[in-house]
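Spelled out, the chains give:
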Amino acid sequence: MKTVTEFPRKVVEHPDMGIVMPDGCRLSARVWMPEDAEQAPVPVILEHLPYRKRDGTTARDCLTHPYLAGHGYACIRVDMRGNGDSDGLMDDEYTDQEWQDACDVIAWAAAQPWSNGNVGMMGISWGGFNSLQVAALQPPALKAIITLCSTTDRYADDIHYKGGCLLNENFGWASTMLSYSSRSPDPALVGDKWREMWLHRLEHQPFLAETWFGHQRRDAYWKRGSVCEDYSAIKAAVLAIGGWHDGYRNTVSHLVSNISAPVAGIVGPWIHKYPHFAAPQPAIGFLQVALRWWDRWLKGIDNGAENDPAYRAWVMDSVRPSRWHDARPGRWIAESQWPSPRIEAREIELLSGTSATALVASPQDCGLAGGEYFPFTYGPELPGDQRPDDARSVCFDQPPAAEAIDIVGAPEVVVRLASDKPQANIAVRLCDVHPDGASELICYGVLNLTHRNSHEFPEALKPGEVVEARIVLDQCAYRLPAGHRLRVAVSTAYWPAIWPSPEPVRLTLSQATLHLPVRPLATGDEASFPEPEAATPWAIETLREANSERHVTRDEKTGMVTLTIVDDSGQYRDLDHGLVEGGVTREWWTINPDDPLSARGETHWSSTLSRNEWSLRTKTFSTMRSDAKNFYVTGRIEAYEGAELIFERDFKNEISRDHI
């Protein structure tokens, strides 16, 4: 990535610009803008997050916002209320208060003497979600957004539930936010009130698992904030970006297919990162692409951005399975409209519906080769060789491909089956089987069969009754080489991605059909992007290097299988203001292959902040287990000032299982 130090306009930074909300709550914003903005006003770009601008997102902020500011924009990175250096409290994700604050910041920014009155909103993950949600509220000054790694459906395509199955990331992310939001503000910004703010935050800190586990159906809680409920509400121009190695693979397609406002989508081979520094390669010049979008919709420059292809995607070539890839070879394709009329749905009979049947009854540890739900650390988080999971599944292998095919879109599998239990999950993986048998995951889908007709009104299965179900796999863009086989692998478990059914399940398949989206073979790049550029990287002293580890162990006496995850984010000193921050995340996912009720998740977060004699540490702990009727979730916060424990708090929740 090229570092740019000279820009058309000189940039000034304000590390703590206070923005006071109508109710008196002060939000802390880090702001970059041209030095002469009051003489020559500029558009505003807002990023509104709970992830701590002082130490959480600093690395990416340093690369991104000064670059945009140097090209004539005021970039405002706000700590949401209750987080970082802002006052107030945060109750949940995507609340009315969060949205109102964002709208109030937009109105405030549009009225400043250094603003031309036009505002854009940008963000990845949480910031991508609320960019879409705020756009649907139509604040007058908001003209365009860039949303990355986000979702249109909070229930069906976020970290909570998928196909009506409970994602373990629902518990994992609640544990993450318990750690993030319980950290102290920085005394260098907020002054002597830092301790009062911190203790007030700790005393009111929610453990969001309690809320999220309480809504196991797609009810009003999840519909609120799901922009798919009314795409027409979005009037701002939308640029949507995603990655094939991220958990949010479907959003770009959904937005480009449904929004009537100006919209374009880009999907690369990336993990959960901004694409100017994402991996696997190739990264792209995201900041130049963003400037083209902002220049068109916030400055009114006639640069033709509205005529760019509706959908651009990286078609990944087949590679050897690996837990990490530095690069994914392939090519860029472009479609002027999406869905594309050039994509053919090929129908492939897997099980014909004659007298032949297939019995699916997977061990509970099937799924360990699946990788992280959304890889983040540039570590061993990607799907590995699928053969261990294939051995625990029923596999339908196709003949070796006579010629290469490009699979572009969302494959679907329609099945007729009977279950021997009233609740059952089904997982379907589409794999690329190499001539030597290595199995690479292309994409997957899961379905809670009690949700086969509705995520809002699930219906228990009648044991032995044949039903039809449609499993929609994630969007993909993948080239299957000649000589390789397609494999459809079907299982009743997918651990630790989803929580298991309360009883071991046997599914009898009597019919199965794959609907495969095939695009004419791309012969070369149909689109191109500039090489990545960014502003000067964050100036730090590294005190402890980051490291990411994954270990699977099996107790031969008890049969228990445990996935241990250790993500050490390292420890760093900011060379500008001296803050030292660091953290380590540990997770344990344990299950007995014969007993779904043995499933257990456990997390431990440790986070440190210090400067000179000032030293703080927070430790959070959480556990999750279940019996046939209930989930049992616990949490704990410990806060230390120096070596002294100054705060502790425990959470304990029992939540009934609802068709899960």
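How each quantity is defined
- Residues numbered from 1 in each chain as written.
- Predicted model: local features only at pLDDT ≥ 70, side-chain atom pairs only at ≥ 80, totals over all residues.
- Heavy atoms only, no water.
- Axes fitted to C-alpha atoms, helices over the stretch in contact; angles between N-to-C directions.
- Helix = DSSP H or I, 4+ residues; strand = E, 2+ residues; numbered from the N terminus.
- Parallel < 35°, antiparallel > 145°, perpendicular 65-115°, else oblique.
- Left-handed = near helix turned anticlockwise from the far one by under 90°.
- Contact = heavy atoms within 4.5 Å.
- Nonpolar A, V, L, I, M, F, W, Y, C, P; charged D, E, K, R; others polar.
- Buried < 20%, exposed > 50% of the residue type's maximum accessible area, 1.4 Å probe, protein only.
- Pairing = 2+ DSSP bridges.
- Expected span 1.5 Å × (residues − 1).

Asks: I'd like a rundown of the packing of helix H1 (residues 58-70) against helix H10 (residues 286-298), residues and numbers included.
Replies: It is at 11 Å that the axes of H1 and H10 come closest, and there the two elements cross at 40°. For the element pair H1 / H10, the angle class is oblique. Between H1 and H10 lies a crossing of right-handed hand. Touching Leu63, Thr64, Tyr67 and Leu68 of H1 are Leu287, Gln288, Leu291 and Trp294, all from H10. When the residues that make up the contact of H1 with H10 are grouped by side-chain class, the tally is 6 nonpolar, 2 polar and no charged.

Asks: Mind laying out the pairing of strand S13 (residues 330-335), listing which residues take part and the relevant values?
Replies: For S13, the buried fraction is high: 5 of the 6 residues fall into the buried class. Bridge count for strand S12 (residues 311-316) against S13 is 6 bridges, and the pairing is antiparallel. Paired with tyrosine 311 across the strands is glutamate 335, a residue of S13.

Asks: Lay out helix H4 (residues 169-180) with the relevant residues and their values.
Replies: With 12 residues, H4 extends 16 Å between its outermost C-alpha atoms, agreeing within 8% with the 16 Å of an ideal straight helix rising 1.5 Å per residue. In terms of residue burial, H4 counts as a mostly covered element, since 12 of its 12 residues are buried. Taken together, the buried positions of H4 are occupied by Glu169, Asn170, Phe171, Gly172, Trp173, Ala174, Ser175, Thr176, Met177, Leu178, Ser179 and Tyr180.

Asks: Go over helix H3 (residues 126-137), please, and point to the residues and values.
Replies: Counted at 1.5 Å a residue, the expected span for H3 with its 12 residues is 16 Å, and the 17 Å between its end C-alpha atoms agrees. Of all the 12 residues making up H3, 10 are buried; the element is thus mostly covered by neighbouring parts of the structure. Looking at H3, one finds that the buried residues are Trp126, Gly127, Gly128, Phe129, Asn130, Ser131, Leu132, Gln133, Val134 and Ala135.

Asks: So what about unusual backbone geometry? Which residues, and what values?
Replies: The amide bond that connects alanine 279 to the next residue, proline 280, takes the cis arrangement and shows omega of -5°. Cis geometry marks the peptide bond from glutamine 281 to proline 282, where omega comes out at 10°. Topologically, proline 282 is positioned in the loop between strand S11 (263-268) and H10. Positive phi, close to 65°, is recorded for arginine 52, a residue that is not glycine. Looking at the element boundaries, arginine 52 is found in the loop between strand S4 (42-49) and H1. Even without being a glycine, asparagine 612 presents a positive backbone phi close to 55°. Note on placement: asparagine 612 falls in the loop between strand S30 (595-611) and strand S31 (614-626).

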